[in-house]
Amino acid sequence: MSVSIITRAYKTSELKNLINNLNSNNEVEKEIIAVCNVRDYNIKNAKLIIEDSNRFQARITGIKNAKYDKILLLDSDQIPEKDLLEELENKKEDMIIIPEKSVNNNFTAKCLDDWRYRNEKLARKKTTPYIPVIPRFYRKKYLLNAINKLSTDLYNIIDHEDSILYYYVFQETKNINFAKKHIYNYDPKFFKLMYKAFLYGKNRKNTKNLEIPEDISVLLYKLNKNTLNIKEIGFGKGYIMQIIRGIAYESGKIFS
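Here is a short report on the structure shown in this document. None of these values were measured; they are calculated from a predicted model.

**Side note on the environment of G238**
Stage number 1. Along the chain, G238 turns up in helix 10 (residues 238–255).
Stage number 2. Here G238 falls in the buried class, since its relative accessible area comes to 1%.

Here you go:
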């Protein structure tokens, strides 16, 4: 299997851990595409694209520049579990959902892992873009078809951008599966996580006057409503973090 691994960050220095991890795997033929705003560190063995763009635009740029048929989407604060690439090599589906876990062991990470586990369990029962569990492995043609359906206004949405891509791909193919291996997240500490939620809320306020298709507005509404979806995923400590993060998100919409 040949795979294009696409990542993004504001600064190239934010990609040190991920790039080093990927370059240590020589079992799978791959290309690494990194889309950044600022070059402050020399990345080796990766195709670097410097552009002034937000999270969604950076993702799109990476996809358009990929040369292989299969694409793995990773963020700067993630690393794949050992042998994940080898597992993906044998997958035949058009989309693969890869379970995620935190590298950290603090209270915030435990809450986020509880939230991830409950949503992933629900997604295995009924796979749908309306649950915040997204594939990170796709066949390139479906991603390109999804991008062609995007209005330019959607480029400005940065809090559920991967779910939007998933939504459009899901309209074309429901050939999807789950990986056994994981992606590990370097989750931010509590206050940084809250600030990130605040920025997402601020972004949503700034984009409310954009021309967003009705079905995408419904998608975003349902994804945000899932924060209080106790009936389907059950109550756990993950809710503590989601409720607090929701307050920070709404504060961003109000006070930005």
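What follows picks up the thread again.
**As for the sheet that holds strand 10 (residues 183–185)**
Stage number 1. Spatially, 3 strands are ordered 5-10-7 in an open sheet, and the strand pairing comes out mixed. Looking at strand neighbours, the two that pair on one side only are strand 5 (78–80) and strand 7 (100–102), the edges of this open sheet. Averaged over neighbouring strand pairs, the angle between their axes works out to 30° when direction is ignored.
Stage number 2. Relative to strand 10, strand 7 is paired through 3 bridges, and the arrangement is parallel. When the sheet's bridge partners are listed, K101 is paired in strand 10 with Y184.
Stage number 3. Sheet strands in contact with helix 4 (residues 107–125) are strand 7 and strand 10, and its direction is about 165° off that of strand 7.

**Points about the pattern of salt bridges**
Stage number 1. The full count for this structure, using the stated rule, is 19 salt bridges.
Stage number 2. Its salt-bridge partner being D75, residue R136 comes within 3.8 Å of it at the nearest N-O pair. Residue R136 is located in strand 8 (residues 135–139), and its partner D75 is located in the loop between strand 4 (70–73) and strand 5; the two are separated by 61 residues in the primary sequence.
Stage number 3. In this structure, R136 and E100 form a salt bridge, with 3.0 Å as the shortest nitrogen-oxygen distance. With R136 in strand 8 and E100 in strand 7, this residue pair connects regions lying 36 residues apart in the sequence.
Stage number 4. Judged by its relative accessible area of 6%, R136 is buried.
Stage number 5. One salt-bridge network, in which partners are shared between bridges, spans R8, R55, R59, D75, E100, R136, E161 and D162.

Definitions and limits used
Residues numbered from 1 in each chain as written. Predicted model: local features only at pLDDT ≥ 70, side-chain atom pairs only at ≥ 80, totals over all residues. Heavy atoms only, no water. Helix = DSSP H or I, 4+ residues; strand = E, 2+ residues; numbered from the N terminus. Buried < 20%, exposed > 50% of the residue type's maximum accessible area, 1.4 Å probe, protein only. Pairing = 2+ DSSP bridges. Axes fitted to C-alpha atoms, helices over the stretch in contact; angles between N-to-C directions. Contact = heavy atoms within 4.5 Å. Salt bridge = Lys/Arg side-chain N within 4 Å of Asp/Glu carboxyl O.

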